[in-house]
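Chain and residue survey
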Amino acid sequence: MRPGTDFILDALALEGLDHLFMVPGGLVDPFLPALGRQTALKPIVAAQEGGAAYMADGYARASGNFGAALCIGGPGLANAVTAIATAQTDHSPVLVISGEVATLMEGLGSFQDASPQTLDDVSILKPIVRYSSSVDNPKNMPHIFKRALLQLRTRPGGPVHLSVPGDSLRDEISAQYTKIESSLVHPAPLSLSAAHDSLKHLAPPSGDAPVKIAILAGSGVEHAEAASSLRKFAELWRIPVATTLRAKGVFPEDHPLSLGVFGYAGTHHSRMALLDAPPDVLIVLGSGLNERDTMHWSLQLRPGATICVNLSLTSIGVHTQGCGVVGDCGAYLAYLLASSDDLRPSMQKSVEARVAWLEEIRSKPRLQDIENCTSEAAPVHPARIIADLRRVFPRDGILLVDSGAHRAFAGHYWESYEPRTYISATNLGPMGWAIPAATGVQCAQPKRKVAVITGDGCMRMAGIEVATAARYQLPIVFVVVNNAALGNVWLRAHELGPVPDELTRLPDHDWAAFAKALGSRGETVRTPAELGPAFERALTGAGPCLIDVKADKAFATPVKDWAAAHAAFSYHE
Ligand SMILES: Cc1ncc(C[n+]2csc(CCOP(=O)(O)OP(=O)(O)O)c2C)c(N)n1
Ligand SMILES: [Mg+2]
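Keep in mind the model is a prediction, meaning the values are calculated, not measured.

Some details on the site of ligand 1
In the vicinity of ligand 1 there are 18 residues, among which Ala405, His406, Asp456, Gly457 and Gly487 approach most closely. Here an oxygen atom of ligand 1 and a side-chain polar atom of histidine 406 are 2.8 Å apart. One of the backbone nitrogen or oxygen atoms of cysteine 458 is found 2.8 Å away from an oxygen atom of ligand 1. Coverage of ligand 1 by the protein chains reaches 75% of its 580 Å² of free accessible surface. Going through the elements one at a time, α18 (405–413), α20 (456–462) and α22 (487–493) are the ones with two or more residues in the shell around ligand 1. Of the residues forming the shell around ligand 1, the biggest block, four residues, is contributed by α20.

Listed below in structure tokens is the structure:
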């Protein structure tokens, strides 16, 4: 027998968590002594509940497990709504537990009552999570808790919410929690008949071997932990691989078969291979085929010439006609590898021509305006910041990227080599996400170097969470591309007249001083020559370091291909 709080904490530990991100408050008071009664979970106290939920999101993305956040209901949970919505849109498994008044007190006017009789936290959360429920009776705790974790871990993942009234936190629970079987957590379903059908596109019975075969790898490859199978398959038949921005890193970007990112902030190579002269066969692995990942849906997804693999029938069916394989990307890649004997005659026939096709593409410039990476401009060019950080950052280090013009610069000029080393909230794109998320990432990967590329506008929204990194002495490097503007918006707005121009500028804050006030190290960089040494110091010292780089807002983002595709295409034509 133990109280509900201890049941929850023990269950989280049994599921392999070692951190819990939280903001205390009366409705979750029983957790405070409970956290003192155990040692498996290290509590991390965030500045704000949104920060705690972003940290749990970062922890989930970096670990491959789920992340958990704890807060009071009512104002605490409402603070976390944007973060939870971000986890939903990016399929990140985040468990949010909020406290609630005791069931006997619901609707009687208790302080912060957000029970179903009043604000109804459970209903507020319902549209943005997989599952939202109250544990309305301590006896229901074991099965509701299990249901929540199963929903959380059903792939593709997503957030779940449990509202736990005071009685369910305090009352004794006799049932034991049993760990979810790992075979349930990583199921690899595959429609075998569809997988079999797809072979005829790669190796047509007619003997006409398709030459231009390419892969677009999305986050489904990361969720399936299938990066090594992807590499094996690509290398076997010399098939070039592009990734979506969300999946950057699932294929090493310095590999001879890499086309880099396709879509927003993508490379010329991927545009040439996938869009300019569409390949004979395109294999799309685990992409939701959203606007950014398809260049405004201008990818030509032709039946017979596209093999779309996704766990979600909807993701396949909305943008394609009958060219899908419903299933797990890892299972599909394993199927392709096991079908090598069937594929060999066709693939071997075409391999030489395919390599020539790729070499022709790779002989052309991969990146836009590469000279900006060595720009001597001061205030500093954002491309130079990205290039100089890459040079000193370890190969297996993890970069988090925030929302703004800096997202385009990082997406375009940064190179990633491993899955889960380029982490960004690419679907909802809330400003400030990366700053707290980095704390979750560093907790999940204590041995890896972690850095953040963020903007001054993002700092204004979530910069306070640098305090959390400082409190726990996490050695995160925060790089603020400080252009004294909501840069991405300013780039459009300043051409519209003086009022739009003024509305999208920001005061030039001293972010290094801000960081120091919070217990972090802080440095200001004004010229490109100072970047390298500042990054080196930041990466070697103790605790976090924020580098405030005075940058120029007037440099256009490297999205020429993206803009051209936008101008050329209308979805509803
Ligand atoms: C929560 C939220 N509010 C507004 C936006 C719209 N928005 C996208 S980028 C951006 C400006 C970001 O400014 P900053 O962090 O300074 O980055 P920069 O563009 O200057 O690199 C804005 C306002 C958003 N993405 N998220
Ligand atoms: Mg800015």
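So that's the structure; there's more coming.
A few points about the packing of aromatic side chains
Inspection of every chain in the model, using the stated rule, returns seven aromatic pairs. Ring geometry for phenylalanine 7 against tyrosine 177: centres 6.2 Å apart, planes inclined by 85°, an arrangement best described as edge-to-face. With phenylalanine 7 in helix α1 (residues 4–14) and tyrosine 177 in the loop between β8 (172–173) and α9 (182–185), this pair connects stretches of sequence that are 170 residues apart. Tyrosine 177 matches phenylalanine 7 in its accessibility class, with the two residues each being buried. With a centroid separation of 5.2 Å and 85° between ring planes, the pair formed by tryptophan 511 and phenylalanine 514 is classed as edge-to-face. Residue tryptophan 511 and its partner phenylalanine 514 are both found in helix α24 (residues 511–517); the two are separated by three residues, about one turn of the helix. An aromatic cluster is defined as three or more aromatic residues linked by ring pairs; in this entry it consists of Phe7, Phe145 and Tyr177. Note that lysine 146 overlies the ring of tyrosine 177, its terminal NZ or CZ placed 5.0 Å from the centroid.

The rules we used
- Residues numbered from 1 in each chain as written.
- Chains lettered and ligands numbered in written order.
- Predicted model: local features only at pLDDT ≥ 70, side-chain atom pairs only at ≥ 80, totals over all residues.
- Heavy atoms only, no water.
- Near = heavy atom within 4 Å.
- Polar contact = N/O pair within 3.5 Å; in protein donor to acceptor, adjacent residues only side chain to side chain.
- Areas by Shrake-Rupley, 256 points an atom, 1.4 Å probe, with all protein chains shown as cover.
- Helix = DSSP H or I, 4+ residues; strand = E, 2+ residues; numbered from the N terminus.
- Phe/Tyr/Trp six-rings, centres within 6.5 Å; stacked < 30°, edge-to-face > 60°.
- Buried < 20%, exposed > 50% of the residue type's maximum accessible area, 1.4 Å probe, protein only.
- Lys NZ or Arg CZ within 6 Å of the ring centre and 35° of its normal.

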